[in-house]
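What follows is the residue order along each chain.
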Amino acid sequence: MNGFPPTLFAGQRYAVLGLGRNGLPAVMALAGCGAHVQAWDDGAATRQALSEQAERAGLAHNIVIAPFDTLAGYDALVLSPGIPHVLPSPHPVAAMALAAGVPVLSDAELLYRAVRKAGSAARFVGITGTNGKSTTTTLVAHILAEAGLPVAAGGNLGPAALALPLLPDNGVYVLEMSSYMLERLDSLHFDVACLLNLTPDHLDRHGDMAGYIRAKAHVFDHQTAHDLALIGMDDGPSRALAETLRHGPARCETVSGAQAGHTWSGHNGAIWHDGVQCAVPGPALPGSHNAQNAAAAIAVAHFLGVEDRVSAAALLSFTGLPHRQKLIATRHGVAFVDDSKATNADASARALGCYDHLIWIAGGVAKAGGIEPLAPLFGRVRHAFLIGQDAEALALTLSAHKVPYTLCHTMALAVPAAYAMAQTTQTPVVLLSPACASFDQFSGFEERGQHFAALAQAADLSAPQDRP
């Protein structure tokens, strides 16, 4: 771990299952701090990657790559976020850990322990929510960096938590926290905890909406009267949770992207603090959802001592995130917008609401409820082009609401067809906002967005291009 003492975890034993974006950095960081680590992944290529990386770093003596037959005597099991330890059923290794009394922890928890054990008083900001957490996390980090504070951002977004460096006492860790990560915390204490919104998602992992809310609410665990609990007010479940947070122990402030009357709000084209305008969202932050994200980011920075004028300037210089309503190209008056990160209906609603008329590319692996929740916005869609595994199911919903659509199944067919339709109907926007997961055809939403961008920037959109 960059800057952490090499003996920080000497004498401790950790098990790591899953060697993806979170697991492999966890193994390297723990071993680099002197811990003994046993690691495993079902993929031979990922195991080989770890072996090679460990050899290059001179850490092979601290790492055993082998399947688990017991976890007795281990200090913790670090599970890849996608591997369940409770619902819908515990992974056998997770069950082994629980039977042995070994805690199942998030890598964010271990980062917190490492920072404190190393003697740093750096502050921690945790940002969660069904949607908007990546933009808000990145925006907070951008504001803090513009203010001259040492900052490291990661977690569910960007670098894994255990890939982040040791920061000095005046530093700030800004962590995007998924529900999967939050249900595996023990002692992590966020000086600022922010919950943006709550809509149904990942219900298979949490049992029901109540379980999902409980998981998200862990972001407020261990807070004290010296801390800030910031919560969005633009959905019912969040408003209900706010009533509990108002009773402390942390100071509670509310944020909205559409309504006045809250501590922080975005409305009438500006950001407001206690009714006083303090900033204007930049061009990379369109829509009421981004107004809420911007208001939340300024609230976090304000609590950490950043002047609002510095935050206001940082909003204007923020360039946005890839795959979050990112303008890719404009061809003959048609704008191609990549919103591939929209993997559920609620996220797509935020994008659809930004345009009066659009051509929509949607589809993939549908979440519970499909796209029915988007029905109030269907009047903005002049034509939909559907891709992926659940294209036919989405088509049934569109048909019921009399929205014209074409089943394309692949992005290579959808993008040229959408462009042609946009020209024919003089529609100014082709929007990729799938409202579905991407794993049927792509490695993730990033690859899906990159493929869309490549097609949008192609020299000849009239000829469908096969995806490699």
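Structure first, text after, so check above.
Residues numbered from 1 in each chain as written. Predicted model: local features only at pLDDT ≥ 70, side-chain atom pairs only at ≥ 80, totals over all residues. Heavy atoms only, no water.

Visitor: Looking at this structure, how should I read the sheet that holds strand β2 (residues 36-40)?
Guide: Consider a sheet: its strands pair through backbone hydrogen bonds, and that pairing is either parallel or antiparallel. Spatially, the 5 strands line up as an open sheet ordered β3-β2-β1-β4-β5, and their pairing is parallel. Two strands in the sheet have a free side with no partner beyond their single neighbour: β3 (63-65) and β5 (104-105). By the bridge criterion, 3 bridges tie β2 to β3 in an arrangement that is parallel. When the bridges of β3 are listed, Q38 appears paired with V64. Along the sheet face, helix α2 (residues 44-57) touches β2 and β3 and points at about 155 degrees away from the line of β3. (Pairing = 2+ DSSP bridges. Helix = DSSP H or I, 4+ residues; strand = E, 2+ residues; numbered from the N terminus. Contact = heavy atoms within 4.5 Å. Axes fitted to C-alpha atoms, helices over the stretch in contact; angles between N-to-C directions.)

Visitor: Would you explain unusual backbone geometry in this entry?
Guide: Working note: non-glycine residues mostly have negative phi, and peptide bonds are mostly trans. Following L87, the chain continues to P88 via a peptide bond in cis, the omega torsion being 0 degrees. Inspection of the secondary structure puts P88 in the loop between β4 (76-79) and α3 (92-99). Of note, the amide linkage connecting G248 to P249 takes the cis form, showing an omega dihedral of 10 degrees. With respect to the element layout, P249 can be found in the loop between α9 (236-245) and β11 (251-256). Even without a glycine there, the phi angle at D274 is positive, about 50 degrees. Its location among the elements puts D274 in the loop between β13 (270-273) and β14 (276-279).

Visitor: Whenever I open this one, the side chain of T254 confuses me. Can you help?
Guide: Looking at where T254 falls in the secondary structure, it is placed in strand β11. The residues touching T254, leaving out its near neighbours within four places in the chain, are L230, I231, M233, R246, H262, T263 and W264.

Visitor: What should I look at first to understand the sheet that holds β11 in this one?
Guide: Strand order across the open sheet formed by 9 strands is β7-β8-β6-β9-β10-β11-β12-β13-β14, with mixed pairing between neighbours. The open sheet has two free edges, formed respectively by β7 (151-155) and β14, since each of these has just one partner strand. Direction aside, the axes of adjacent strands within the sheet are offset by 20 degrees on average. With respect to the sheet, helix α5 (residues 133-146) is in contact with β6 (123-128), β7 and β8 (172-176), its orientation differing from that of β8 by roughly 165 degrees.

Visitor: Would you take a moment to explain the environment of P103 for this structure?
Guide: Tracing the backbone through its elements, the reader meets P103 in the loop between α3 and β5. For the pair formed by P103 and F68, sequence separation is 35 residues and the distance between their alpha carbons is 15 Å. With residues up to four places along the chain from it excluded, the contact list for P103 reads D75, A76 and L77.

Visitor: What exactly am I supposed to notice about the nonpolar core here?
Guide: When a protein is soluble and globular, its nonpolar side chains tend to lie buried together. Ranked by internal contacts, the top residues of the largest apolar core, which has 58 residues, are L30, L111 and Y173. Sorting elements by how many residues they give to this core places helix α1 (residues 23-32) first, with 7 residues. In terms of nonpolar packing, the next biggest core, distinct from the first, is built from 37 residues, I298, V300, A301 and L315 among them. (Core = buried A, V, L, I, M, F, W, Y, C linked by side-chain atoms within 4.5 Å. Buried < 20%, exposed > 50% of the residue type's maximum accessible area, 1.4 Å probe, protein only.)

Visitor: Please clarify how the pattern of salt bridges should be interpreted in this entry.
Guide: Any two side chains of opposite charge can pair if their charged atoms end up close together. Evaluation of the coordinates by the stated rule reveals 8 salt bridges. The closest approach of N and O atoms between R251 and E253, which form a salt bridge, is 2.7 Å. Taking relative accessible area as the criterion, R251 reaches 48% and is therefore assigned partly exposed. On the accessibility criterion, E253 (5% relative accessible area) is buried. Of the charged contacts in the structure, one is a salt bridge between E307 and R309, with a shortest N-O distance of 2.7 Å. The class of E307 is partly exposed, set by a relative accessible area of 44%. Overlapping salt bridges bring together E109, R113 and D186 as one network. (Salt bridge = Lys/Arg side-chain N within 4 Å of Asp/Glu carboxyl O.)

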